[in-house]
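Letter by letter, the chains look like this.
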Amino acid sequence: EPEVTQTPSHQVTQMGQEVILRCVPISNHLYFYWYRQILGQKVEFLVSFYNNEISEKSEIFDDQFSVERPDGSNFTLKIRSTKLEDSAMYFCASSEGLAGDEQYFGPGTRLTVT
Amino acid sequence: LAKTTQPISMDSYEGQEVNITCSHNNIATNDYITWYQQFPSQGPRFIIQGYKTKVTNEVASLFIPADRKSSTLSLPRVSLSDTAVYYCLVGDNTGGFKTIFGAGTRLFVKA
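First, a word on scope: everything that follows refers to the structure included in this document. What you are looking at is a predicted structure, and each value in this text was computed from that prediction instead of being measured.

## Examining the sheet that holds strand 7 (residues 65-68) of chain A
All names here are of chain A. Strands sit in the order 1-3-8-7 across an open sheet of four strands; the sheet is antiparallel. In this open sheet, the two edge strands, each paired with only one partner strand, are strand 1 (5-7) and strand 7. Averaged over all adjacent pairs, the angle separating strand axes in this sheet is 20 degrees, with direction ignored. Of the pairings in the sheet, the one linking strand 3 (residues 19-24) to strand 8 (residues 75-79) comprises five bridges and is antiparallel in character. Within the sheet, the bridge partner assigned to Val19 lies in strand 8 and is Ile79.

## Notes on the packing of aromatic side chains
Across all of its chains, the model carries 15 aromatic pairs over all chains by this definition. Here Phe105 of chain A and Tyr36 of chain B contribute two aromatic rings whose centre-to-centre distance is 5.9 Å and whose plane-to-plane angle is 80 degrees, an arrangement assigned as edge-to-face. Remark: Tyr36 of chain B occurs in strand 3 (residues 31-38) and Phe105 of chain A occurs in strand 10 (residues 103-105); the pair is interchain, linking two chains. Each member of the pair, Phe105 of chain A as well as Tyr36 of chain B, carries the same accessibility label: buried. For the pair Tyr87 of chain B and Phe101 of chain B, a centre-to-centre distance of 5.1 Å together with 90 degrees between the ring planes defines the contact as edge-to-face. Residue Tyr87 of chain B is located in strand 8 (residues 84-92), and its partner Phe101 of chain B is located in the loop between strand 8 and strand 9 (105-110); the two are separated by 14 residues in the primary sequence. Its relative accessible area of 2% is what places Tyr87 of chain B among the buried residues. Note on Phe101 of chain B: relative accessible area 1%, which makes it buried. Taken together, the aromatic side chains of Tyr33, Tyr35, Phe45 and Phe105 of chain A together with Tyr36, Phe46, Tyr87 and Phe101 of chain B make up a single cluster linked through ring pairs. Here the basic side chain of Arg68 of chain B rests over the ring of Tyr51 of chain B, its NZ or CZ set 3.9 Å away from the ring centre.

## Re the nonpolar core
Counting residues in hydrophobic clusters, the biggest one holds 22 residues, and the most contacted among them are Trp34, Leu46, Phe61, Val67, Phe75, Leu77 and Tyr90 of chain A. Those elements giving two or more residues to this core turn out to be strand 3, strand 4 (31-37), strand 5 (44-50), strand 7, strand 8, strand 9 (88-95) and strand 11 (109-113) of chain A. Aside from chain neighbours lying at most four places away, what touches Leu46 of chain A is Trp34, Tyr35, Arg36, Glu56, Lys57, Ser58, Ile60, Phe61, Leu77 and Tyr90 of chain A. Counting 20 residues, the second largest nonpolar core, distinct from the first, contains Val18, Ile33, Val78 and Cys88 of chain B.

## Regarding the interface of chain A and chain B
Counting residues at the interface gives 26 residues for chain A, matched by 22 residues for chain B. Taken together, both faces of the contact between chain A and chain B bury some 1,700 Å²; the carbon and sulfur share is 52%. The interface formed by chain A and chain B holds zero salt bridges in total. In this structure, the connection of chain A to chain B is made through two residue pairs in polar contact (both at pLDDT 80 or more). Those elements that provide at least two residues to the side of chain A that touches chain B are strand 4, strand 5, strand 6 (53-57), strand 9 and strand 10 of chain A. Residue composition of the side of chain A that touches chain B, grouped by class: eleven nonpolar, eight polar and seven charged.

## Quick notes on the sheet that holds strand 1 (residues 9-13) of chain B
All names here are of chain B. Strand order in this open sheet of five strands is 1-9-8-3-4, and the pairing throughout is mixed. Edge positions in the open sheet fall to strand 1 and strand 4 (45-50), since each of these has one partner strand only. This sheet shows a mean twist of 25 degrees between the axes of neighbouring strands, independent of strand direction. Of the strand pairs in this sheet, strand 3 and strand 4 are connected by five bridges, and their pairing is antiparallel. Within the sheet, the bridge partner assigned to Tyr36 lies in strand 4 and is Phe46.

Criteria and thresholds
Residues numbered from 1 in each chain as written. Chains lettered and ligands numbered in written order. Predicted model: local features only at pLDDT ≥ 70, side-chain atom pairs only at ≥ 80, totals over all residues. Heavy atoms only, no water. Pairing = 2+ DSSP bridges. Helix = DSSP H or I, 4+ residues; strand = E, 2+ residues; numbered from the N terminus. Axes fitted to C-alpha atoms, helices over the stretch in contact; angles between N-to-C directions. Phe/Tyr/Trp six-rings, centres within 6.5 Å; stacked < 30°, edge-to-face > 60°. Buried < 20%, exposed > 50% of the residue type's maximum accessible area, 1.4 Å probe, protein only. Lys NZ or Arg CZ within 6 Å of the ring centre and 35° of its normal. Core = buried A, V, L, I, M, F, W, Y, C linked by side-chain atoms within 4.5 Å. Contact = heavy atoms within 4.5 Å. Buried area = accessible area lost by both parts, 1.4 Å probe. Salt bridge = Lys/Arg side-chain N within 4 Å of Asp/Glu carboxyl O. Polar contact = N/O pair within 3.5 Å; in protein donor to acceptor, adjacent residues only side chain to side chain. Nonpolar A, V, L, I, M, F, W, Y, C, P; charged D, E, K, R; others polar.

Purely spatial values, then, with no claim about function.
What follows is the structure, given as structure tokens:
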């Protein structure tokens, strides 16, 4: 069964550093998403992406965040200057067609900011 | 987006049927109801989606009354491995869908 993959599985960085989290969505999917989950809390929507542009974004997704689909397979989330409160699990997801379709989530990247 | 309300937690025993109800009083005409399951340190996993009446798949059933202001996820004969957080989501299928997860229901299945 096709799956969403994410790298790295765990990233440790110092406050103020830039990080790039990488995702490979399922190949025939058209919608892509990033979520984060702070330990013990709920899953929070960050951004959705379709047709090479942001479709929706949340209040969390401020100027420190950006997304890109640099080639036909990767989907990246960049955090320009990490803060301690950015420490969380970051999940990438993709869906086949219309937004609202079943989303397939990756295993997540645990980001630790020290 | 319609707000959803679910119980914070539920306990059950192996072999029992579990029903988790979600309230969504402000559901819109175009909204679908979707349930996800999440195990610790894993991403959510789609369980089932429906619009009205009843939907059944190999994992669960989803019951939606005529007014669609609530829905019930039914898990038949749960096992220990069904211990997880279950999320009810409501939204439409138009472009630009913004997926909002609530706090979910923590289900504990005991032996």
